[in-house]
Every structure is written in structure tokens, then in C-alpha cells.
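For reference, the chains in residue letters:
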Amino acid sequence: MSMAIVDTMMVGRLPNSATAMGAVSLGSNIFIVLGLFGGGLLLGLDTLVAQAFGAGKREDCHRSLINGIYLSLALTPILAAPVWLLPRLLRSMQVDPAIVALAVPYTNALTVGLLPLLMYFAVRRCLQAMNMVRPVAFALISANLVNAFGNWILIYGKWGVPAMGAVGSGWSTALARFYMAAVLVGYLLWYDHRHRTELLKTPVEIDLPRIRRLIALGLPPAMQITLESGVFAFVTALIARLGAVPLASHQIALNTVALTYMVPLGISSAAAVRVGQAIGRKDPQGAADAGGTAIFLGAAFMTIAGIALLVFPRWIARLYTPDETVIYSTISLLAAGAAFQLFDGIQTVATGALRGAGDTRTPMFCHLTAYWVIGLPLGAWLCFRRGWGAFGLWAGLSLALILIGIVLLLAWRRAVRRLGVTQVAALQKSHY
């Protein structure tokens, strides 16, 4: 996420800052829908690897990883294909031609990094499920340095390289994703050599039943993530019809709330792993405690984040651009973002806890209903019929996230009660 923020900040210093930021906003949001769908399909690794690791089955973890990589290879051409339709799609939506002229090559550049991004997702999920998170943090932090340095060279034309403007930031991000994947694969091979985990002795034939299990577990969260990222991409396209300034303001606000979202998303991954491991070792109380603690942490952080968005909106906007028109337009969007921070934290972490317990369908149905049936139609009506502009669309999304947070918190409480019932049934069965 911080790569997207750095991209936006650095293109925001170009002479045509509003148009460049708008193009990055449009292209990155469309690519994110495709990339996160692929990453979402690989979320089944959270359940399979965490539960196998909790049961002490290391080889089973490796089998899931290898078949997750096969799934990544198969997904890449399927997810890259829609990018070729992008110019026609944007023209049909009456997007500003100046924005389209930059957004299309920018998105093409990002697509070059799609396969390494999916490989990174697969290896990361496996490492996290086996309690190895430090190499993931190192890969991410150092990749951001690679991306920032690449941006400096490619956007502004340093060291004899032609200045590529906004498109250069897309190429820099793609290169950084190659780097991320290489770091995690290299670490996994080093760890196997040092600790003799016999990763390289794992059978490499394609395990279709396991891949089907991965898809069965991963498709609901992939759809949920796609519904969520898709609605923001669709809103971005709608705001693009309002002009470069509203689109640039939308990108600043979206980057900001997406950055705060990364913290509960990380806690969500921890919740999925801890809940899954507890269930794997037949400890339902441990699963309930892990999920409840994670939801509390996510809610607490996002409450603080919401307060910060209300108190420092102008300071946040100025980090991206010196344009006062864009800054003024951004302030109201950050207020709408502040309204849903708490509920976004709850729904994100509850989704991870439910995933660890094997429930990936409930979040999907919640996101479909709240975003696409309630929030988006309401936001579009407020934007275009009531004249609220971009703020109207954000108000609709805010209501959707509040509803999702409430429903998924109730769903987790129901899952905890079900885990307790399962424990009692197991005790009775062992007694008889």
C-alpha cells in the first residue's frame, strides 16, 4: 500500500499533478481488483497451512505451498487478459482523454509485475501460517525503498534515463514486486537448507484435489475482496467523470484510508493463523480468545486512526500535493473516511478470524449486499442526483462499511458459540 502512496506523492510533484494523480488512481485501482482477486484465491493457504502446522504436519504445509504456486501460474494470464480491454472500457465511461492517455500505459506496466505479485502472495501466506513473519516485513520495507528509488529515476529521468512521468511509477512498482517475490523465495530456500525442513523433497506433481480445496476456500474471500476493491474501482471511474481535481482528491483520501486499513488487515492475517492453529490442535477456547483479542486490537487502532483523519485532514492532503484546490476537496472525503474507520477495523479482523475457522462465505455475502445493493446505489444517487459530488459516493461507502462491521461482529460471536458447542459434543463423545 505504501508503494501506491509513494507513487501518488511523487507524481503529484509533476507539472500536470491533478491529471497524473488521477491516472495513477484509476490505473492502480483497476489493477488492484485483478491482483487482489488472485491474492484472495490464495487465502485458502491461511486455513490449510495454519491448520496443518498446528497439527504438526510440516510436509502438508509444503504441499499446499507448491500447489499454491501452480495456482498462481495458472491465474496470471487469466487476470492479465482484461487489461487489454481497458482503453475501450475507459472511453465508454467518458473518462477524461488526458487521464486515459496516462492510465492505460501505467496499468500495462503494473501488469508486468502480476506474476511475481501472486508468487509473493503464495509464499507470504505459507510463511505467515508457519509463524515466520520477519522476512515478510523485511521484503516489504526494502521493496518500498526499491520502489521509491526506481520512481526517482523513472518518473523524473535521472542518471540518463528518459523521464517517463506517471508511467515510470508503474514500471518501478512492477520491478519492486519482482524483488519482493525473489526475497521471500530466497528466504524459504535458505531456511530449508539451514533447518532441513525437506522442502525440496516435497512431491512436485500437481495435486488437483488440493488445488480444488484451495479454490473452494479461497474463492469466497477472493470474491469478497473483489467486491470490496471493485466497488472502490467503480467509484473511482465514476468520480473520473467529475474531472481531474475530484479524482485526485479521491485518490488522496483513498490512499489514506487504505493505509490505515493495512493495520487491521495485518491483524486479520494473524487472527486467521492463530484461530486456524488453535482449531488444528483442537483448542476451541484458544481460537475464541485469539479472534476476540484480534478484533479488539483492530477496533482500537482504527478508532485512533479515525480521530487522526478528523484532526489533521489538511496536513495529510499537503503530503500529496501543494494544490490548494485539491487539498480543499480532499478534506470532506477524509471526514467521510473517518466515519467508517472503527467499523472497517472490526469487519476486517472478523473476516480473518472467520477465515481461520473455515467460514469464508459469510463475509462474501455481507460485502455483496452492503456495497453493491445498498452503498453504491445510495452513493451514486447522492453524487449525481443530489449534487453532492464525490462526497456523496463516499457517504454511501461509509454506510456500507458500518453495516458490514456490525454484521460480521455478530457472525464471529455466533462462530464462537458454535465452537463451544463442538467442544462439548467432543467431550461427551469421548466420555461415552
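I will try to describe carefully the structure that is included in this document. This structure is a prediction, so every number in the text was calculated from the model and none was measured.

Thresholds applied
Residues numbered from 1 in each chain as written. Predicted model: local features only at pLDDT ≥ 70, side-chain atom pairs only at ≥ 80, totals over all residues. Heavy atoms only, no water. Helix = DSSP H or I, 4+ residues; strand = E, 2+ residues; numbered from the N terminus. Buried < 20%, exposed > 50% of the residue type's maximum accessible area, 1.4 Å probe, protein only. Polar contact = N/O pair within 3.5 Å; in protein donor to acceptor, adjacent residues only side chain to side chain. Phe/Tyr/Trp six-rings, centres within 6.5 Å; stacked < 30°, edge-to-face > 60°. Lys NZ or Arg CZ within 6 Å of the ring centre and 35° of its normal.

What follows deals with the side chain of His-250. Relative to the helices and strands, His-250 resides in helix 11 (residues 244-280). Take His-250: its relative accessible area is 0%, and that puts it in the buried class. Among the polar contacts listed, one links the side chain of His-250 to the side chain of Thr-236, at a separation of 2.7 Å.

Now for the packing of aromatic side chains. With the rule as written, the count across this model stands at ten aromatic pairs. Here the aromatic rings of Phe-149 and Trp-152 are separated by 6.1 Å at their centres, their planes lie at 25 degrees, and the arrangement is stacked. In this pair, Phe-149 and Trp-152 both sit in helix 8 (residues 134-156), three residues apart, roughly one turn of the helix. Between Phe-232 and Tyr-371, the aromatic rings sit 6.2 Å apart at their centres with planes inclined by 70 degrees, giving edge-to-face as the arrangement. In this pair, Phe-232 is assigned in helix 10 (residues 208-240) and Tyr-371 in helix 16 (residues 361-385), connecting sequence segments 139 residues apart. Judged by its relative accessible area of 0%, Tyr-371 is buried. Among the aromatic residues, those joined into a cluster by ring pairs are Phe-149, Trp-152 and Trp-159. Across the ring face of Phe-384, the terminal group of Arg-241 is positioned such that the distance to the ring centre comes to 5.7 Å.

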